[in-house]
Amino acid sequence: MSKTIETLKLGSPSPGTTRELKVHRYGIPGAGKKAYFQAALHSDEYPGLLVANHLIALLDAADDKGDITGEIVVVPVANPVGLGQQLLGQHVGRNEFSGGGNFNRSWPDLSDAVFERVEARLGPDDSENVALIRRALVEEVAAMEVKTEFDGLRKALLGLSISADMVFDLHCDNEALMHLYTSARHRDLAVELACDIAAPVALLEMDPGGAPFDEANSGVWWKLREKAGDEFPISTACFAVTVELRGRNDVYDELAHVDAAGLFRFLQRRGVIAGDPGVLPESQGEPTPLEGTDVIRSPGAGVLAYHKHLGDWVQAGETVAELIDLMADDPKQARTPITSKASGLFFARMNEKLVRQGAEICKVAGKEPLEHRKAGGLLES
Ligand SMILES: [Zn+2]
């Protein structure tokens, strides 16, 4: 048995209060590939919390049998700061109450600082370069300045993930099918993971923008590669993926068990856990470019009546919902059709039916990049 459990204290944000992270560790550091999992960085996305619970049970059993061949780190509650945010009886996640912004944006880009540390020592051997860069990444995170509790949380999570070969950031959407976001540079791994967790949508991008947690871990590798040029080989050594575990209310043991088993199989396939994962399950859908996803906004304020359900195929120009103007004098004049610019899978929509002007209401994953979408703006443009 290799398992250890560690408790990391975060700084005290106010007199008499402290929060902590629980860290479940398996395997021997450096023995093989390292996988890192964290759940609910946005804090109000609960499916990952239950999936992590199931995953830990599976990993405990594998560890008892001596089957952990790499290193695995699981942080089952990634954001105790956000989990404590209650306003008038409602849990409010996503953004930090103290002004720190969106919990999954503005993560640091360590590439400049790490390049400075390693530039003079890079050589012709890729694996030596990767090992050198990993050590420098760990040192750079250790040197990060902590001014607030949220800074401390960022530093602690990044300190656990930054040396990993695989990073799984477990999120969810509002109402959605299983989907994932990752770099187009890791297309093959994305396809394999999507098969193992039965995700019909995999959104790939070259430059996500917004600096989410996954990119803080994986992006540093291709940025260093660009800086180093052809002379010094550097692999894109970290596959980091944001897994959207359906919708906020999809928190059931039946689903969580299946999802954890899918992640476990993927780890077996990648050589982090011994045992036969079986044949790769059939693909549920081809990956599509992030710029091909139409994030449809409400043109005004009112009540939404959806025409499309999750999993429906939508043609460009087709009506996905109608907005009903509650202030209209004539109900026959009150309806505005809302259409999709993309032809593709209707895979996510908002649960709230009373919407404000400009609210993002649903997403359609199309194959073709859309003219109105700006690359590098995550899904916010
Ligand atoms: Zn999220």
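All of these numbers come straight from a predicted model, not from anything done at the bench.

**Focus on the overall build of the chain**
Looking only at helices and strands, the chain features 8 helices and 22 strands. In terms of C-alpha radius of gyration, the chain reaches 22 Å, essentially the compact-globule figure of 21 Å for 381 residues. Along the first, second and third principal axes, the C-alpha atoms of the chain reach 70 × 50 × 45 Å. The burial tally for the chain puts 51% of its 381 residues in the buried class.

**Brief notes about the nonpolar core**
Within the largest apolar cluster, 42 residues are counted, with the highest numbers of intra-cluster contacts made by Tyr 36, Ile 133, Leu 157, Leu 158 and Trp 221. Breaking this core down by element, the ones donating at least two residues are strand E2 (20-27), strand E4 (71-75), helix H3 (111-118), helix H4 (126-142), helix H5 (149-161) and helix H7 (213-228). Aside from chain neighbours lying at most four places away, what touches Ile 133 is Val 114, Val 118, Leu 122, Trp 221, Leu 224 and Ile 234. Within the second largest apolar cluster, 37 residues are counted, among which are Ile 72, Met 166, Leu 170 and Leu 267.

**So, H7**
For H7, with 16 residues, the first-to-last C-alpha span of 23 Å sits near the 22 Å given by 1.5 Å per residue. The largest bend in H7 is about 40°, located at Gly 219. Most of H7 is tucked away, with 12 of its 16 residues classed as buried. Within H7 the residues assigned to the buried category are Phe 213, Asp 214, Glu 215, Ala 216, Asn 217, Ser 218, Gly 219, Val 220, Trp 221, Trp 222, Leu 224 and Ala 228. Note on H7: the residue one or two positions beyond its end, Gly 229, has a positive phi of about 75°.

**Thoughts on the sheet that holds strand E21 (residues 354-355)**
The 4 strands lie next to each other as E19-E18-E16-E21, forming an open sheet whose pairing is antiparallel. A strand with exactly one partner marks an edge of an open sheet, and here the two such strands are strand E19 (335-339) and E21. Of the strand pairs in this sheet, strand E16 (residues 302-306) and strand E18 (residues 319-324) are connected by 4 bridges, and their pairing is antiparallel. Considered in E18, the bridge of Ala 305 is made with Glu 322.

**Digging into the sheet that holds E4**
Sheet strands associate in pairs through backbone hydrogen bonding, adopting either a parallel or an antiparallel arrangement. On the basis of which strands lie adjacent, the open sheet formed by 9 strands has the order E1-E2-E4-E3-E9-E13-E11-E12-E14 and mixed pairing. Of all strands in the sheet, those with a lone pairing partner are strand E1 (4-9) and strand E14 (288-289), marking the two edges. The sheet contact formed by strand E9 (residues 166-173) and strand E13 (residues 239-247) spans 7 bridges and is parallel. Along E13, the bridge assignment pairs His 171 with Glu 244. On top of the sheet, helix H1 (residues 47-64) reaches E2, strand E3 (34-39), E4, E9 and E13; it is set at about 35° to E2, its chief contact.

**A closer look at the packing of helix H6 (residues 187-196) against helix H8 (residues 253-269)**
As a packed pair, H6 and H8 sit with axes 8 Å apart at the nearest point and diverge in direction by 140°. Between H6 and H8, the interaxial angle falls into the category oblique. As for the relative orientation of H6 and H8, their crossing is right-handed in sense. On the side of H6, the interface is formed by Leu 189, Glu 192, Leu 193 and Asp 196, while H8 contributes Gly 262, Leu 263, Arg 265, Phe 266 and Arg 269. Looking at side-chain class alone, the contact of H6 with H8 contains 4 nonpolar, 1 polar and 4 charged residues.

**A look at the pattern of salt bridges**
Per the stated rule, a full pass over the model turns up 23 salt bridges. Between Arg 297 and Glu 360 there is a salt bridge, with its nearest N and O atoms 3.3 Å apart. Of this pair, Arg 297 sits in strand E15 (residues 293-297) while Glu 360 sits in strand E22 (residues 360-366); the two residues are 63 residues apart in sequence, bridging distant segments of the chain. What makes Arg 297 partly exposed here is its relative accessible area of 39%.

**Here we look at the packing of aromatic side chains**
Following the criterion strictly, the structure yields 7 aromatic pairs and no others. On the numbers, 4.4 Å between centres and 10° between planes, the contact of Phe 37 with Phe 168 is stacked. Of this pair, Phe 37 sits in strand E3 while Phe 168 sits in strand E9, and the two are 131 residues apart along the sequence. Look at Phe 168 and you get buried, because its relative accessible area is 0%. With centroids separated by 6.3 Å and ring planes inclined at 70°, the aromatic side chains of Tyr 306 and Phe 346 adopt a geometry described as edge-to-face. Placement of Tyr 306 in strand E16 and of Phe 346 in strand E20 (residues 344-349) is noted, with a sequence separation of 40 residues between them.

**Some points on the environment of Asp 276**
Here Asp 276 is to be found in the loop between H8 and E14. Considering only alpha carbons, one finds Asp 276 and Arg 265, 11 residues apart in sequence, at a separation of 8.1 Å. Among the polar contacts made by the side chain of Asp 276, one reaches the main-chain amide nitrogen of Gly 278 at a distance of 2.8 Å.

**Some points on the domain arrangement of the chain**
You can read the domains of the chain as domain 1 (4-286) and domain 2 (291-366). The centre of domain 1, based on its C-alpha atoms, is set 32 Å off from the matching centre of domain 2. Of the residues lining the interface, 13 residues belong to domain 1; the matching set on domain 2 comes to 15 residues. For the pair domain 1 and domain 2, the two sides together bury roughly 1000 Å², of which 52% comes from carbon and sulfur. Three residues stand out in domain 1 for area buried against domain 2, namely Asn 174, Glu 175 and Leu 177, and they jointly supply 53% of the buried area on that side.

The rules behind each value
- Residues numbered from 1 in each chain as written.
- Predicted model: local features only at pLDDT ≥ 70, side-chain atom pairs only at ≥ 80, totals over all residues.
- Heavy atoms only, no water.
- Helix = DSSP H or I, 4+ residues; strand = E, 2+ residues; numbered from the N terminus.
- Rg over C-alpha atoms; globule rule 2.2 N^0.38 Å.
- Buried < 20%, exposed > 50% of the residue type's maximum accessible area, 1.4 Å probe, protein only.
- Core = buried A, V, L, I, M, F, W, Y, C linked by side-chain atoms within 4.5 Å.
- Contact = heavy atoms within 4.5 Å.
- Expected span 1.5 Å × (residues − 1).
- Bend = angle between axes of the 7 residues up to and from the residue.
- Pairing = 2+ DSSP bridges.
- Axes fitted to C-alpha atoms, helices over the stretch in contact; angles between N-to-C directions.
- Parallel < 35°, antiparallel > 145°, perpendicular 65-115°, else oblique.
- Left-handed = near helix turned anticlockwise from the far one by under 90°.
- Nonpolar A, V, L, I, M, F, W, Y, C, P; charged D, E, K, R; others polar.
- Salt bridge = Lys/Arg side-chain N within 4 Å of Asp/Glu carboxyl O.
- Phe/Tyr/Trp six-rings, centres within 6.5 Å; stacked < 30°, edge-to-face > 60°.
- Polar contact = N/O pair within 3.5 Å; in protein donor to acceptor, adjacent residues only side chain to side chain.
- Domains from an automatic or database assignment.
- Buried area = accessible area lost by both parts, 1.4 Å probe.

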